[in-house]
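Architecture at a glance
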Amino acid sequence: MSIGFFNGEFIDIDKAVIPIDERGHQFGDGVYEVVKVYNAKPFLIDAHLERFEKSASNISIKLPYSLDELKKLILEVIERSGIKDAEVYFQVTRGIAPRNHLFPNVEPSFTLTVKPARKVPEQSYEHGVQTVIAEDDRWAKCHIKSLNLLPNILAKQNAVEAGSFEAIFEKDGFIAEGTSSNVFVVKDKVLYTTPLTSNILPGITRAAVLQIAREKGIEVKEEKFTKDFLLNADEAFITSTSVELLPIRSVDGHLIGDGAPGAITKALHQSFKAMC
Ligand SMILES: Cc1ncc(COP(=O)(O)O)c(C=O)c1O
């Protein structure tokens, strides 16, 4: 059963509980996390909680709970839900106060939901997905997992309307990341991914994949690369909590390699699944 939690109370997920003057609702003035649950266990929960605290502190919000308390709450909600393969979403906002840009002197709001995990069709993993390049018109602090996702939403919608799965943002001539994913390329057996700067979100899946690759003895380069480099890659894939590792079949209609998921992509995904 899907469950909601708002400011200390478990709630029916469909019940209206957010006051009109809640700042997440009015300004997107908050940050969030998504954690995948495999067989009732939250995956890489500590890394997600640490990123959550960092995102919140980057916009001067103090979490209303310690990370230990949050972890206990998340475990409790998963157990209450009885959902084995779930997705836990949580967010913190600057709180509830009459609409005004200035920070109010109120407690932050905390929302959490647990729902069955969304599933990517198996054939997307078997054949890879189509992607398109989009101009990165987001703000300058993409390392913060902010609630403000308007450019991501618009680019994703355009991509899907054009028959693709994901839009990949290009910034100043270099590949940044997907609308909700990080991007990897394999060229001559070397694994490349965009380095961590304020241009991209430090993906938890990205970090796990880099760790797996290094353990497997695959050479890894966290380096900037261009759209041309991506088009000429032997393999490419995107990563996120929701999709894990998803092979890219094409970019703007150009096949990557022969279009089929490559050997290194498949091996990394196998190891990733074993880790979950
Ligand atoms: C913009 C963006 N980049 C990358 C990712 C992947 O991050 P993670 O692997 O932590 O889910 C996400 C996840 O939603 C995202 O929104």
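Everything here concerns the structure above.
The paragraphs below set out a description of the structure included in this document. (Residues numbered from 1 in each chain as written. Predicted model: local features only at pLDDT ≥ 70, side-chain atom pairs only at ≥ 80, totals over all residues. Heavy atoms only, no water.)

A closer look at the packing of aromatic side chains
Test applied: Stacked, edge-to-face and tilted are the three classes for Phe, Tyr and Trp ring pairs, Trp counted by its six-membered ring, which pair at centre distances within 6.5 Å; planes under 30 degrees apart are stacked, over 60 edge-to-face, the rest tilted. The buried label goes to any residue with under 20% of its type's maximum accessible area, the exposed label to any with over 50%, and the partly exposed label to all in between, with areas taken from a 1.4 Å probe on protein chains only. Counting from the N terminus, the helices are DSSP H or I runs at least four residues long and the strands are E runs at least two residues long.
This model, assessed by the stated rule, comprises 12 aromatic pairs. A ring pair is formed by Tyr-38 and Phe-43, whose centres lie 5.6 Å apart and whose planes are at 90°; its orientation type is edge-to-face. The pair Tyr-38 / Phe-43 is uniform in exposure class, with both members buried. For the pair Phe-43 and Phe-272, a centre-to-centre distance of 5.5 Å together with 85° between the ring planes defines the contact as edge-to-face. Of this pair, Phe-43 sits in the loop between strand E4 (41–42) and helix H2 (45–58) while Phe-272 sits in helix H8 (residues 263–275), and the two are 229 residues apart along the sequence. Grouping residues by exposure puts Phe-43 and Phe-272 together as buried.

A closer look at the site of the ligand
Put simply, the test is: If even one non-hydrogen atom of a residue comes within 4 Å of a molecule or strand, that residue is called near it. Here a polar contact is recorded for every N or O atom pair within 3.5 Å, except that within protein the pair must consist of a potential hydrogen donor and a potential acceptor, and residues adjacent in sequence are included only if both atoms are side-chain atoms. Note that accessible areas follow from Shrake-Rupley with a 1.4 Å probe, and for residues the cover is restricted to the protein chains shown. Any residue outside Ala, Val, Leu, Ile, Met, Phe, Trp, Tyr, Cys, Pro, Asp, Glu, Lys and Arg is labelled polar, Gly included; the first ten of those are nonpolar and the last four are charged.
Close to the ligand lie 16 residues; Arg-51, Glu-177, Ile-204, Thr-205 and Thr-241 are nearest. Between the ligand and Lys-145 there is a distance of 3.2 Å, counted from an oxygen atom to a side-chain nitrogen or oxygen. Within the side chain of Thr-205, a nitrogen or oxygen atom sits 2.6 Å from an oxygen atom of the ligand. Relative to its unbound accessible area of 390 Å², the ligand is 91% covered by the protein chains. Every element with two or more residues in the shell around the ligand is listed here: strand E9 (174–178), helix H6 (204–215) and strand E13 (235–240). Its residues assigned to classes, the shell around the ligand shows three nonpolar, 10 polar and three charged.

A few points about the pattern of salt bridges
Formally: For salt bridges, the criterion is a side-chain nitrogen of Lys or Arg within 4 Å of an Asp or Glu carboxyl oxygen.
Considering all chains together, one arrives at 13 salt bridges under this definition. The salt bridge involving Glu-33 is made with Arg-51; its shortest N-O contact spans 2.7 Å. Of the two residues, Glu-33 is situated in strand E3 (residues 30–38) and Arg-51 in helix H2; the sequence distance between them amounts to 18 residues. With respect to burial, Glu-33 and Arg-51 carry one shared label: buried. Arg-138 serves as the salt-bridge partner of Glu-177, at 2.8 Å between the closest nitrogen and oxygen.

Brief notes about H8
Quick note on the threshold: Any helix carries an expected span of 1.5 Å times its number of residues minus one. What the arc measures is the spread of directions leading from the helix axis to the C-beta atoms.
Given a rise of 1.5 Å per residue, 13 residues ought to cover 18 Å, and the 19 Å separating the end C-alpha atoms of H8 matches this to within 8%. All of the buried residues in H8 are Ile-264, Thr-265, Leu-268, His-269 and Phe-272. Taken end-on, H8 shows its buried residues confined to a sector of 130°, consistent with a single buried face. Opposite the buried face of H8, at more than 90 degrees from it, the exposed residues are Ala-263, Lys-266, Gln-270 and Ala-274.

Focus: the nonpolar core
Our working definition: The set of buried Ala, Val, Leu, Ile, Met, Phe, Trp, Tyr and Cys residues whose side-chain atoms join them within 4.5 Å is what this entry labels a nonpolar core. Contacts are assigned to residue pairs that have any heavy atoms within 4.5 Å of one another.
Phe-52, Ile-74, Val-88, Phe-90, Phe-110 and Leu-112 are the most contacted members of the largest nonpolar core, which totals 26 residues. At the level of secondary structure, the elements contributing two or more residues to this core comprise strand E1 (3–6), E3, H2, helix H3 (67–81), strand E5 (86–93) and strand E6 (109–116). Ranked by the residues each element gives to this core, the list is headed by H3, at five residues. If near-sequence neighbours (up to four positions away) are discounted, Phe-110 is found in contact with Phe-5, Phe-6, Asn-7, Phe-52, Pro-64, Tyr-65, Leu-70, Leu-73, Phe-90 and Gln-91.

Describing the packing of H6 against H8
Under the convention used in this document: Think of each axis as a best-fit line through the C-alpha atoms, taken over the contacting stretch in the case of a helix, with angles from 0 to 180 degrees between the N-to-C directions. Should an angle lie under 35 degrees it is considered roughly parallel, over 145 roughly antiparallel, and from 65 to 115 roughly perpendicular; all remaining angles are considered oblique. Rotating anticlockwise by less than a right angle from the far helix to the near helix defines a left-handed crossing, while the corresponding clockwise rotation defines a right-handed one.
Running from N to C, H6 and H8 point in directions that differ by 110°, and their axes come no closer than 10 Å. Considered as vectors, H6 and H8 are oriented roughly perpendicular to each other. In this structure, H6 meets H8 at a crossing whose hand is right-handed. Where H6 approaches H8, its residues Thr-205, Ala-208, Val-209, Ile-212 and Ala-213 are matched on the opposing element by Leu-268, Ser-271, Phe-272 and Met-275. Classifying every residue of the contact of H6 with H8 gives seven nonpolar, two polar and no charged.

Topic: the packing of H2 against H3
In contact at an axis separation of 11 Å, H2 and H3 are set at 130° when each is read in the N-to-C sense. Judged on the interaxial angle alone, H3 and H2 are oblique. Note on packing geometry: the crossing formed by H2 with H3 is right-handed. Along its contact with H2, which presents Ile-45, Asp-46, Leu-49, Glu-50, Phe-52 and Glu-53, the element H3 presents Leu-67, Leu-70, Lys-71 and Ile-74. Looking at the contact of H2 with H3 residue by residue, the classes come out as six nonpolar, no polar and four charged.

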